[in-house]
Amino acid sequence: MGDVGGGLRERKKRQMYRRLSDTAIGLFLEKGYERVTVADVAAAVDISKPTLFRYFPSKEDLVLHRLADHEGEAGRVVARRPAGRSPLEALRCHFVDGLTRRDPVTGLNDDAEVLAFHRLLYTTPSLVARLHAHMEQDEAALADALGVETGGGVQARLAAGQIIAVQRVLAQENWRQITAGRSADALHPEALAVARSAFAQLEAGLPHLARP
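A. Focus on helix 8 (residues 125-145). Given a rise of 1.5 Å per residue, 21 residues ought to cover 30 Å, and the 30 Å separating the end C-alpha atoms of helix 8 matches this to within 8%. Where helix 8 is concerned, the buried positions are Leu127, Leu131, His134, Met135, Asp138, Leu142 and Ala143.

Below you can see the structure in the form of structure tokens.
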């Protein structure tokens with residue numbers, strides 16, 4: 001019974017995280033990020049402000065929770081890649097697959113709700129700052145995963161920084177094109193070609209990461 005009860009508590013906890021984050025993002029999109037307080041979010045879900053802070057330490061965390069599943073993703077892709085596949089090949093395949101699935105983190109998604117979320121994220125200075133911190137954590141996780149191939153240390157961090165930067169630029173360019181009026185389906189072939197070209201440049205500059 002203990003395991004069953006523990007599983008139920010964890011599920012309810014995850015549901016509350018999701019409910020709080022979704023409620024907050026909805027309010028931010030409706031009224032503006034600066035006009036909505038943490039107390040407003042707590043009131044909307046009928047909990048106290050201290051209770052909300054037990055889930056999310058800051059207002060920014062309420063938004064960034066939507067990216068939680070992607071934290072450290074590049075590092076996991078490298079660490080869990082199949083035998084015989086190089087780190088860069090694994091990352092390229094993962095990004096290309098994300099484009100095909102219209103994963104919002106690739107920028108290639110024209111769903112109205114996703115576009116609204118991206119506008120909130122990229123036009124709010126405090127959220128942009130937190131997003132940069134999020135990317136630094138991704139770089140650190142990727143550097144750890146690349147340690148064997150690079151010898152660790154600064155070389156691993158330099159390689160990780162280049163890879164994360166390329167993925168960020170690709171995603172932002174896709175988002176920019178879509179906000180300019182392109183559809184995700186129409187943009188997909190071009191986004192695919194640009195991504196493959198970008199990873200080819202990485203392979204040329206980081207040949208040791210292009211080998212299995």
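B. Up close: the packing of aromatic side chains. Counted under the stated rule, the structure contains five aromatic pairs. Ring geometry for Tyr17 versus Tyr55: centroids 5.1 Å apart, planes at 80°, classification edge-to-face. In this pair, Tyr17 sits in helix 1 (residues 2-31) while Tyr55 sits in helix 3 (residues 49-55), placing the two residues 38 residues apart along the sequence. Exposure remark for Tyr55: the relative accessible area of 22% places this residue in the partly exposed category. Members of the aromatic cluster, joined through ring pairs, are Tyr17, Tyr55 and Phe56. For Lys59, the ring lying beneath its charged end belongs to Tyr33, and the centroid distance is 4.2 Å. Between the NZ or CZ atom of Arg66 and the centre of the ring of Phe117, over which it lies, the distance is 5.1 Å.

C. Highlighting the packing of helix 6 (residues 87-100) against helix 11 (residues 184-205). Running from N to C, helix 6 and helix 11 point in directions that differ by 170°, and their axes come no closer than 10 Å. It follows from the interaxial angle that helix 6 and helix 11 lie roughly antiparallel. Counting all contacts with helix 6, which are made through Leu88, Leu91, Arg92, Phe95, Val96, Leu99 and Thr100, the residues of helix 11 involved are His188, Ala191, Leu192, Ala195, Arg196, Phe199, Leu202 and Glu203. When the residues that make up the contact of helix 6 with helix 11 are grouped by side-chain class, the tally is 10 nonpolar, two polar and three charged.

D. Focus on the confidence of the model for the protein chain. Here the protein chain averages 93 in pLDDT, and 96% of its residues register 70 or above. The secondary-structure element of the protein chain with the lowest mean pLDDT is helix 9 (residues 147-150), recorded at 72, while helix 6 shows the highest, at 98.

E. Up close: the nonpolar core. Grouped together as the largest cluster of nonpolar side chains are 58 residues, with contacts concentrated most on Leu52, Val63, Leu91, Leu142 and Ile163. The dominant element in this core, judged by the number of residues it contributes, is helix 10 (residues 153-179), at nine residues.

Parameters and conventions
- Positions within a chain are numbered from 1, following the residues in the order the chain's sequence is written.
- Owing to the predicted nature of the model, reporting of local features is limited to residues with pLDDT of at least 70; listing and counting of side-chain atom pairs is limited to 80 or more, with chain, interface and lining totals taken over all residues.
- Heavy atoms from the whole structure form the basis of all side-chain values; hydrogens and water molecules are not counted.
- By the criteria applied, helices consist of DSSP H or I runs no shorter than four residues and strands consist of E runs no shorter than two, each listed in order from the N terminus.
- How far a helix is expected to stretch is found by multiplying one less than its residue total by 1.5 Å.
- The classification of residues rests on relative accessible area computed with a 1.4 Å probe and restricted to protein chains. Under 20% of the type maximum is buried, over 50% is exposed, and intermediate values are partly exposed.
- To pair, rings of Phe, Tyr and Trp, with the six-membered ring standing in for Trp, must have centres within 6.5 Å; the planes then decide the type, stacked if under 30 degrees apart, edge-to-face if over 60, and tilted in the middle.
- Whether a charge sits over a ring depends on NZ of Lys or CZ of Arg being within 6 Å of the ring centre and within 35 degrees of the ring normal.
- The axes used here are C-alpha line fits, helices contributing only the stretch in contact, and every angle between their N-to-C directions lies in the interval 0 to 180 degrees.
- When describing relative orientation, an angle under 35 degrees is termed roughly parallel and one over 145 degrees roughly antiparallel, while 65 to 115 degrees is termed roughly perpendicular and anything else oblique.
- Here, residues are in contact when the closest pair of their heavy atoms is within 4.5 Å.
- Residues are grouped as follows: Ala, Val, Leu, Ile, Met, Phe, Trp, Tyr, Cys and Pro are nonpolar; Asp, Glu, Lys and Arg are charged; every other residue, Gly included, is polar.
- What pLDDT reports is the predictor's confidence in each residue, on a scale of 0 through 100.
- Here, the term nonpolar core denotes a set of buried Ala, Val, Leu, Ile, Met, Phe, Trp, Tyr and Cys residues that are joined through side-chain atoms within 4.5 Å.

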